[in-house]
Amino acid sequence: MILVESAGLLTTVQDLGRPGYGEMGVSACGAGDPVALRIANTLVGNRPGAAALEMTMIGGRYRFDIATVAAVTGAECPVRLNGAPAPQWAAFEVPAGGMIEVAVATAGARMYLAAAGGIDVPLALGSASTHLTAGIGGLDGRALRKGDRLALGIAERPALWRALRRETLARLGARKTLRVTAAPQTAWFTDEQRALLVSSAYRVTQEVNRLGLRLDGAPLACPGASNMITEGAALGTVQVPAGGQPIILFVEQQTTGGYPKIANVIAADLPSVGQLRPGDEVRFEWVGFETARALLREQESLMAHGELFAE
Amino acid sequence: MAWNMAGADFAPASDRALLVSLGNRITPEAHLRVAALARRLAADPIPHVSNIHPAYCSVLLVFDPLRIDHEQVAEGVAERLEAAGGAPAAPRMVEIPVCYGGEFGPDLEAVAALHEMTPLRLVEIHSSAIYVAQFLGFAPGFAYLSGLADELATPRLDTPRAKVPAGSVAIAGKQAGVYPFETPGGWRVLGRTPLEVFRADRAPANLIGLDDRVRFRPITRRQFEEAVR
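Keep in mind the model is a prediction, meaning the values are calculated, not measured. (Residues numbered from 1 in each chain as written. Chains lettered and ligands numbered in written order. Predicted model: local features only at pLDDT ≥ 70, side-chain atom pairs only at ≥ 80, totals over all residues. Heavy atoms only, no water.)

### Examining the overall build of chain B
Looking only at helices and strands, one finds five helices and 14 strands in chain B. Against the compact-globule benchmark of 17 Å for 229 residues, chain B has a radius of gyration of 19 Å, which places it among compact chains. Counting only C-alpha atoms and orienting by the principal axes, one finds that chain B spans roughly 55 × 35 × 35 Å. Among the 229 residues that make up chain B, the fraction classed as buried is 54%. Taking the intrachain contacts of chain B between residues at least 6 apart in sequence as the baseline, contacts between residues at least 24 apart amount to 63%. In the form shown here, chain B has an accessible surface area of approximately 10,100 Å², with 51% of it arising from carbon and sulfur atoms. Positive and negative side-chain charges in chain B, numbering 23 and 26 respectively, have mean positions lying 5 Å apart. (Helix = DSSP H or I, 4+ residues; strand = E, 2+ residues; numbered from the N terminus. Rg over C-alpha atoms; globule rule 2.2 N^0.38 Å. Buried < 20%, exposed > 50% of the residue type's maximum accessible area, 1.4 Å probe, protein only. Contact = heavy atoms within 4.5 Å. Areas by Shrake-Rupley, 256 points an atom, 1.4 Å probe, with all protein chains shown as cover. Lys, Arg positive; Asp, Glu negative; His and termini not counted. Charge placed at Lys NZ, Arg CZ, Asp CG, Glu CD.)

Structure (structure tokens):
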């Protein structure tokens, strides 16, 4: 059992999401940084997609009533166990009654706390992922609060006491230049506008959440915007509303949208979007679909045990 | 990079999504094709396609790019388009009880005044039509309903409300809808249903599904209170 003594800014239970309900208007949801979630679970011996805590900017304090193994990954932040410094990106033992404190992120936006056995909550539409708009998944479909209690599942495998390879972690690290491919309306924008997207720096505004990230920078104009018919929107799409400031749709996105889409962040760079915080400067870089696929394949190969862990 | 096959236009939407356009205007024919394709994909899924997002005249398919590519997904869609029949035997009819006006329908009187009719007449027109669920989007379980009488077509509020209560029955432009959750919204709210529009622990979770026919039935405040009890 985990007792929430302080829940930070926004802490939710997340796994790898619930694809398959787009027809009902339910986005797949899941962890904002699935790479960090998967590594945290792997470290404690869970399957990669087990449910864990996703903390945003400020971690919180979590007390464990039984001895277990935990790991904290994701955004850089000080971690303490019973007041003493604990490692990030490594499994550590938590004694019965132990308290893990995850402080304020110094870089990045989302931290993940996984514990052996995973967090045991009832599945909603096949997933433990908290969908805040729908009020489903996680703990009663909402963010955690002080005093909440979360059950832990039964550990299936022992934790991995091996160190993660630094160079692999560095290669998996969050990027500030997001690679993008064409989206359905890319051709509606002029060559100049498409060049502007990649030649300008965009600032992440305060309007950032699991639904999307509003950016601020060189405004983009789409001449045919009034012809737009609402259509399905892909995760990571860069849509351009009337004001011209782009919005990146994120994990709890609306499944359809009526704004023209100039670009779409590639799958391999979506975990990096989950680590953007207000004030960050982001840039975009055009890539082709083959390059996008190769980059995803490379990321997946880095997630293999042999690459992730030193001998 | 876009191509045509089996009477549909295909274009990559992302490195792991394909947009299939089944018309370039909002028409009943395009909707029929969307609904038929969605049914076909549910009955005969394309391997490695994890999600579909239908809309007015298109369907977005999300797939695993390490297992399948845009062209292969498109071929799977083309096969299913050719196999998909016309209208289904009998679309599902969903009846939605609505308590109109008062605190549940804060815009009822203003919309009636705008169209120079009594609120009672507005309710009569709104509840006598049969609507078609074009697709679900905006929020989980929110169905965009076509079929609103022309005489009730009303622009959205100039300033959206910060909070529209769950169950609110509303109209905007030529569309109708029911808010599944308390969300911000700019539609004109005419009443409220006691039914739960979306519940994850119910099968199906959504009260209204793609291509369902929907009818609104006026109920009294007392019937509303009894229904929620």
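The rest of the description comes next.
### Structural notes on the pairing of strand 7 (residues 131–136) of chain B
Residue and element names in this part refer to chain B. Here strand 7 lies mainly inside the structure; six of its six residues are buried. Inspection of the sheet shows strand 7 paired to strand 14 (residues 213–218) by two bridges, in the antiparallel sense. Pairing of tyrosine 131 across the sheet is with valine 214, part of strand 14. As defined by bridge partners, strand 7 adjoins strand 8 (residues 143–146) across four bridges and the pair is classed as antiparallel. Note that in strand 8 the partner of leucine 136 across the bridge is alanine 143. Where strand 7 folds back onto strand 8 in an antiparallel hairpin, the turn is made up of six residues, including phenylalanine 138, whose phi is positive at roughly 70 degrees. (Pairing = 2+ DSSP bridges.)

### Points about the environment of B:Ala55
As for its placement among the helices and strands, B:Ala55 is situated in the loop between strand 4 (49–54) and strand 5 (58–63). With a relative accessible area of 0%, B:Ala55 lands in the buried category.

### Regarding helix 4 (residues 119–126) of chain B
Turning to helix 4 of chain B, its buried residues are B:Leu122, B:Val123, B:Ile125 and B:His126. One side of helix 4 of chain B carries all its buried residues, which in axial view fall inside an arc of 165 degrees. (Arc of directions from axis to C-beta.)

### As for the interface of chain A and chain B
Contact residues are listed per partner, giving 41 residues for chain A and 42 residues for chain B. Across the interface of chain A and chain B, roughly 3,100 Å² is buried in total on both sides, 66% from carbon and sulfur atoms. Linking chain A with chain B are eleven residue pairs in polar contact (both at pLDDT 80 or more). Those elements that place two or more of their residues in the side of chain A that touches chain B are strand 16 (231–232), strand 20 (261–265) and helix 5 (289–302) of chain A. For the side of chain A that touches chain B, the element with the highest residue contribution is helix 5 of chain A, accounting for six residues. (Buried area = accessible area lost by both parts, 1.4 Å probe. Polar contact = N/O pair within 3.5 Å; in protein donor to acceptor, adjacent residues only side chain to side chain.)

### Re the side chain of B:Asp107
All names here are of chain B. Tracing the chain through its elements places aspartate 107 in the loop between strand 6 (93–100) and helix 3 (108–114). Side-chain polar atoms of aspartate 107 contact the side chain of arginine 161, separated by 2.7 Å. Contacts of aspartate 107, omitting those with residues within four sequence positions, involve Leu157, Arg161, Trp187, Arg188 and Val189.

### Some remarks on the sheet that holds strand 4 of chain B
Residue and element names in this part refer to chain B. Here five strands make up an open sheet; going across it, the order is 1-2-3-5-4 and the pairing antiparallel. If you trace the sheet from one side to the other, it starts and ends with strand 1 (3–5) and strand 4, each paired once. Across the sheet, the mean angle separating the axes of adjacent strands is 30 degrees when strand polarity is ignored. (Axes fitted to C-alpha atoms, helices over the stretch in contact; angles between N-to-C directions.)

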